[in-house]
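# Geometric and topological summary
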Amino acid sequence: MHELAICQALIGQVVDVAHEQHASKVSDIFVRIGPLSGVESPLMQNAFPIAAAGTVASDASLHLESTPIVVRCAECSAESEARMNRLVCGACGDWRTTLVSGDELILQRVVVGEVHV
Amino acid sequence: MCDTCGCNVTPAADTHSVEVLKGLLDANDHAALHNREHFERHNVLAINLMSSPGAGKTSLLEATIEALGEKLRFAVVEGDLETENDAERIRKKGVPAIQISTGSACHLDAHMVHHALHDLELDDVDVLFIENVGNLVCPASFDLGQNANVALLSTPEGDDKPAKYPVMFRAADLVLVTKSDLLEVLGDFDPDAAEAGLRQIANPAPLYKLSARTGEGMDGWLDWIRREAGSRQ
Ligand SMILES: Nc1nc2c(ncn2[C@@H]2O[C@H](COP(=O)(O)OP(=O)(O)OP(=O)(O)O)[C@@H](O)[C@H]2O)c(=O)[nH]1
Ligand SMILES: [Mg+2]
Ligand SMILES: [Zn+2]
Ligand SMILES: [Zn+2]
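Note that the structure is a prediction, hence the values are computed from the model and not measured. (Residues numbered from 1 in each chain as written. Chains lettered and ligands numbered in written order. Predicted model: local features only at pLDDT ≥ 70, side-chain atom pairs only at ≥ 80, totals over all residues. Heavy atoms only, no water.)

What follows deals with the overall build of chain A. When its secondary structure is counted, chain A shows two helices and six strands. Since a compact globule built from 117 residues should have a radius of gyration of about 13 Å, the 18 Å found for chain A marks it as more spread out than a globular shape. Expressed as a percentage of the 117 residues in chain A, the buried residues total 48%. Partitioning the intrachain contacts of chain A with sequence separation of at least 6 by distance along the chain shows that 71% fall at a separation of at least 24. Within the structure as shown, chain A displays about 5400 Å² of accessible surface, and the carbon and sulfur contribution to it stands at 49%. One way to put it: in chain A the 7 positive side-chain charges average out to a point 8 Å from where the 14 negative ones average out. (Helix = DSSP H or I, 4+ residues; strand = E, 2+ residues; numbered from the N terminus. Rg over C-alpha atoms; globule rule 2.2 N^0.38 Å. Buried < 20%, exposed > 50% of the residue type's maximum accessible area, 1.4 Å probe, protein only. Contact = heavy atoms within 4.5 Å. Areas by Shrake-Rupley, 256 points an atom, 1.4 Å probe, with all protein chains shown as cover. Lys, Arg positive; Asp, Glu negative; His and termini not counted. Charge placed at Lys NZ, Arg CZ, Asp CG, Glu CD.)

If you want it as structure tokens, here you go:
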């Protein structure tokens, strides 16, 4: 389960942000996950409390936003939504496509509190 | 307004929101970039081998070393975290093998590989194989700094694996259908179906059939290594 390793990396970044902001608490963490990142949202939610324990984010809520899979066709240039194991062009059916979105794994924003200056 | 992106979370008086926009795997990607610089500086071709457990990674390495060991200088980083078995098998062939012994048991990351590199004299290496942990899910998310990803799909696993593990097979630069000597016995593995599954996930990677046991089909793979290694010299 690599989600624990990824949650630990996430917590590392969140702790850095809290530190930069002189914040002692993190209340919300917003992450964008594409299905093709190889990371499963339920497994992230399960791993999160383990990674967050004992850090400024121990009481934080993790908000995961799933991004759509979108491909661009090399043949007809159309952009279309696709499924994980069917990344073919929705317009002409050609398989020579490139991914426009769907593999992201991004820490978007963090809500911090109890700032001490 | 929605619940997921947080635009409706009203901050309390003493809280505020900080935009970050950073990849969760930034630290790993940074280490991978560093590994890549190591490989480039020493003209090393680094190949990340990924597959399910027992698909034949170590056997393929043994057969590859036997076939090309006189022409190319190999080294292997072994991701088997539980035992020294695979590293021992490689060393028996006269090739240096570094065993990675720390980290999570389901995948390698760029830091672990970097650590292993310090035990290798890269000036004496043409081709570095990284045998990842046998797992079709976790290793796919971690860039190691490799020049190429090679995914093995053994015939007993079934030809539908590219569709079932799209993240792994999408990342492959080359797919090897291994244990081709079993095709006849199995009867229901269709290499064309495996290739079709690979195209369905928009991967143009070549797919070769081979058997490390009988040597059948090894030439295509060996030529591929020579070509890739040659283009770096
Ligand atoms: N029939 C047949 N068996 C093979 C072939 N290659 C490997 N095997 C057998 O498959 C089993 C696993 O092979 P390994 O090379 O250890 O596989 P691996 O992918 O390195 O395994 P892990 O590192 O444990 O994930 C062994 O019993 C091998 O003898 C082949 O080409 N044909
Ligand atoms: Mg092995
Ligand atoms: Zn894992
Ligand atoms: Zn098209």
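Before going further, it helps to spend a moment on the pattern of salt bridges. This structure, assessed with the given rule, holds 16 salt bridges over all chains. Linking Asp103(A) and Arg170(B) is a salt bridge whose minimum nitrogen-to-oxygen distance equals 3.7 Å. Taken together, the residues Asp103(A) in the loop between strand E5 (97-101) and strand E6 (105-115) and Arg170(B) in helix H6 (residues 166-170) connect one chain to another. Given a relative accessible area of 39%, Asp103(A) falls into the partly exposed group. (Salt bridge = Lys/Arg side-chain N within 4 Å of Asp/Glu carboxyl O.)

Residues and elements named next belong to chain B. Across the seven residues of strand E6 (residues 148-154), seven count as buried, placing the element largely inside the fold. Across five bridges, E6 lies against strand E7 (residues 174-178) in parallel orientation. Bridge pairing links Ser154 to Thr178 in E7. (Pairing = 2+ DSSP bridges.)

So, about the site of ligand 1. Residues and elements named next belong to chain B. The immediate surroundings of ligand 1 are formed by 17 residues, with Lys57, Thr58, Ser59, Glu131 and Asp181 found nearest. A distance of 2.8 Å separates an oxygen atom of ligand 1 from a polar side-chain atom of Lys57. The separation between an oxygen atom of ligand 1 and a polar side-chain atom of Arg213 is 3.0 Å. Out of a free accessible area of 650 Å², ligand 1 has 74% covered by protein chains. (Near = heavy atom within 4 Å. Polar contact = N/O pair within 3.5 Å; in protein donor to acceptor, adjacent residues only side chain to side chain.)

As a further point, take the nonpolar core. The biggest cluster of nonpolar side chains holds 31 residues, and the ones touching the most others in it are Leu10(A), Val26(A), Ile29(A), Val31(A), Met44(A), Phe48(A) and Leu107(A). Contributions of two or more residues to this core are made by helix H1 (3-20), strand E1 (23-33), helix H2 (41-52), strand E2 (61-66) and E6 of chain A together with strand E1 (15-23) of chain B. Broken down by element, this core gets its largest block of residues, seven residues, from H1(A). Leu10(A) has contacts with Ile29(A), Val31(A), Met44(A), Phe48(A), Leu62(A), Leu107(A) and Leu24(B), leaving out every residue within four places of it along the chain. Ranked by size, the runner-up nonpolar core spans 30 residues in total, among them Leu45(B), Ile65(B), Val150(B) and Trp221(B). (Core = buried A, V, L, I, M, F, W, Y, C linked by side-chain atoms within 4.5 Å.)

All names here are of chain B. On the protein side, the magnesium ion (ligand 2) has Thr58 (OG1), Asp86 (OD) and Glu131 (OE) as donor atoms, found 2.1 to 2.2 Å from it. Here the donor residues of the magnesium ion (ligand 2) are spaced in sequence according to T-x27-D-x44-E. Pair noted here: Thr58 is in helix H2 (residues 57-68) and Glu131 is in strand E5 (residues 127-131), with a separation of 73 residues, a long-range link. Grouping residues by exposure puts Thr58 and Glu131 together as buried. (Donors = N, O, S within 2.8 Å, 3.2 Å for Na, K, Ca; no water.)

Moving on to the coordination of the zinc ion (ligand 3). In this structure, His2(A) (N), Cys106(B) (SG) and Cys138(B) (SG) serve as the protein donors to the zinc ion (ligand 3), at separations of 2.1 to 2.3 Å. Taken together, the positions of His2(A) in the segment before H1 and Cys138(B) in the loop between E5 and E6 put the pair across two chains. Side by side, His2(A) and Cys138(B) carry an identical accessibility label, which is buried.

Right, let's get into the sheet that holds strand E4 (residues 97-99) of chain B. Residue and element names in this part refer to chain B. Here we have seven strands laid out as an open sheet, ordered E4-E3-E5-E2-E6-E7-E8, and parallel in their pairing. The strands lining the two open edges of the sheet, one partner per strand, are E4 and strand E8 (207-209). Across the sheet, the mean angle separating the axes of adjacent strands is 20° when strand polarity is ignored. In this structure, E7 lies alongside E8, joined through three bridges in parallel fashion. Residue Val177 lies in a different strand from E8, and its bridge partner there is Lys209. Along the sheet face, helix H8 (residues 191-200) touches E6, E7 and E8 and points at about 160° away from the line of E8. (Axes fitted to C-alpha atoms, helices over the stretch in contact; angles between N-to-C directions.)

Okay, the sheet that holds E5(A) next. Residue and element names in this part refer to chain A. One open sheet holds the three strands; their spatial order is E4-E3-E5, and the pairing between them is antiparallel. In the strand order of this sheet, the two ends are held by strand E4 (79-81) and E5, each with one partner. Averaged over all neighbouring strand pairs, the angle between strand axes comes to 35°, with direction disregarded. Here strand E3 (residues 70-73) pairs with E5 via four bridges, running antiparallel. Counterpart to Val71 in the pairing with E5 is Leu99.

Our focus in this paragraph is the side chain of Thr97(A). Among the structural elements, Thr97(A) can be located in strand E5. The exposure class assigned to Thr97(A) is buried, which follows from its relative accessible area of 10%. Within polar-contact distance, the side chain of Thr97(A) engages the backbone oxygen of Leu87(A) at 2.7 Å. For Thr97(A), the contacting residues outside a window of four places in its chain are Val71(A), Arg72(A), Cys73(A), Ala74(A), Leu87(A), Val88(A), Cys89(A) and Ala202(B).

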